[in-house]
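Chain residues, written in single-letter form:
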Amino acid sequence: QFVRYDAEDGLTDAANDLYAAREGGVWFRQRPGHVALCRNRRLKNLQFGPNDPEHAVYQIGEANASELLIRFGRLRGDCKVYRFDLNTRSLSPLDVPTTPSNGQPNCYSFLQTTDGSLWLCRSDGIWRRSGQVWAQIIRTVPESKLWPEQMYQTRDGQFWVTQSDGRGETRQVTHNGK
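So, a few notes on the structure that sits alongside this text. Every value quoted in this text rests on a predicted model; they were computed, and no experiment measured them.

### A word on the pairing of strand β2 (residues 26–29)
- Here three bridges tie strand β1 (residues 16–20) to β2, and the two strands are oriented antiparallel to one another. Across the sheet, Tyr 19 pairs through a bridge with Trp 27, a residue of β2.
- Connecting β1 to the antiparallel partner β2 that follows it, the hairpin turn spans five residues, and Gly 24 within it adopts a positive phi of roughly 95°.
- As judged from the four bridges shared by β2 and strand β3 (residues 34–39), these two strands associate in the antiparallel manner. When the bridges of β3 are listed, Arg 29 appears paired with Val 35.
- Linking two consecutive strands that pair antiparallel, namely β2 and β3, is a turn of four residues; a positive phi of about 80° is found at Gly 33 within it.

Printed below as a string of structure tokens:
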């Protein structure tokens, strides 16, 4: 059975990009500066910033029961990842490694794996954080004009990476995170 939600239920705009919530339900974006949770037929809207293009949401993930990871920015490829505390509704940038050549590169996507690791697809390559330690797993080669855009992990532990050169995409499989 399907349930229809509208403004009376708290749905302020279209529900876009659904992400599974750990304790049931789904997280989704409605408009810039906002995320929403639908659980047990109830909608909960949370504002983390103003309703402007600088706060357009492109990805949502749960870091833990009280904290979201939100990737947002003006354009899909011009994003950073932030932590959003669900209790205090405070927003803070994710502590990520910087590189001497270009500071903090743009983040195209992130992936949280079942072992607790956080993976970032950035313009300078793929990074993995285990505990509090970041390691660069794959470094982009500027001459190739390829950069990682999205990562997926299969049930058997393989990682699939979508790469782009601005004209098209390729996919590659990594084994055991290498």
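### Regarding the sheet that holds strand β10 (residues 118–122)
- An order of β9-β10-β11-β12 is seen for the four strands of this open sheet, with the pairing classed as antiparallel. Looking at strand neighbours, the two that pair on one side only are β9 (107–112) and β12 (133–139), the edges of this open sheet. Strand after strand, the sheet turns through a mean of 20° between neighbouring axes, direction not considered.
- Two strands pair when backbone bridges link them, and strand β11 (residues 125–130) and β12 are joined in this way by six bridges, in the antiparallel orientation. Residue pairing in the sheet places Arg 128 in a bridge with Ala 135 of β12.

### Some points on the packing of aromatic side chains
- A complete count under the given rule lists four aromatic pairs for this structure.
- In textbook terms, an aromatic cluster arises when at least three aromatic residues are bridged by ring pairs, as seen for Phe 48, Phe 72, Tyr 82 and Phe 84.

### Details of the pattern of salt bridges
- The tally for this structure, following the rule as stated, stands at four salt bridges.
- A salt bridge links Glu 67 to Arg 83; the shortest N-O distance between them is 2.6 Å. Here Arg 83 lies in strand β7 (residues 79–85) and Glu 67 lies in strand β6 (residues 67–73), a separation of 16 residues in the sequence. In this structure, Glu 67 and Arg 83 share a single accessibility class: buried.

### Examining the environment of Pro 97
- Within the element layout of this structure, Pro 97 appears in the loop between β8 (91–93) and β9.
- C-alpha separation for the pair Pro 97 and Val 133, spaced 36 residues apart in sequence, amounts to 9.5 Å.
- In this structure Pro 97 touches Arg 122, Trp 127 and Trp 134, once residues within four positions along its chain are discounted.

### Some words on the nonpolar core
- One finds Trp 27, Val 35, Phe 48, Leu 68, Ile 70 and Phe 84 to be the most contacted residues of the largest nonpolar core, which totals 13 residues.
- Going through the elements one at a time, β3, β5 (56–64) and β6 are the ones with two or more residues in this core.
- No other element matches β6, which puts three residues into this core.
- Other than its neighbours up to four places away in sequence, Phe 48 contacts Gly 33, His 34, Val 35, His 55, Val 57, Ile 70, Phe 72, Phe 84 and Leu 91.
- If you look at the next biggest cluster of nonpolar residues, it comprises 10 residues, including Leu 69, Val 81, Trp 127 and Trp 134.

### Some thoughts on the sheet that holds β8
- Read across the sheet, four strands follow the order β5-β6-β7-β8 without closing on themselves; strand pairing throughout is antiparallel. Two strands bound the open sheet, and with one partner strand each, they are β5 and β8. When the angles between neighbouring strand axes are averaged without regard to direction, this sheet yields 30°.
- With seven bridges connecting them, β6 and β7 associate as antiparallel partners. Residue pairing across strands places Leu 68 opposite Phe 84, the latter belonging to β7.

### Describing unusual backbone geometry
- Here the phi dihedral of Asn 40 falls at roughly 55°; this positive angle occurs in a residue that is not glycine.
- With respect to the element layout, Asn 40 can be found in the loop between β3 and β4 (42–47).
- The exposure class assigned to Asn 40 is exposed, which follows from its relative accessible area of 66%.
- Positioned with a positive phi, Arg 89 is a non-glycine residue whose angle comes to about 60°.
- Mapped onto the elements, Arg 89 comes out in the loop between β7 and β8.

Conventions used here
Residues numbered from 1 in each chain as written. Predicted model: local features only at pLDDT ≥ 70, side-chain atom pairs only at ≥ 80, totals over all residues. Heavy atoms only, no water. Pairing = 2+ DSSP bridges. Helix = DSSP H or I, 4+ residues; strand = E, 2+ residues; numbered from the N terminus. Axes fitted to C-alpha atoms, helices over the stretch in contact; angles between N-to-C directions. Phe/Tyr/Trp six-rings, centres within 6.5 Å; stacked < 30°, edge-to-face > 60°. Salt bridge = Lys/Arg side-chain N within 4 Å of Asp/Glu carboxyl O. Buried < 20%, exposed > 50% of the residue type's maximum accessible area, 1.4 Å probe, protein only. Contact = heavy atoms within 4.5 Å. Core = buried A, V, L, I, M, F, W, Y, C linked by side-chain atoms within 4.5 Å.

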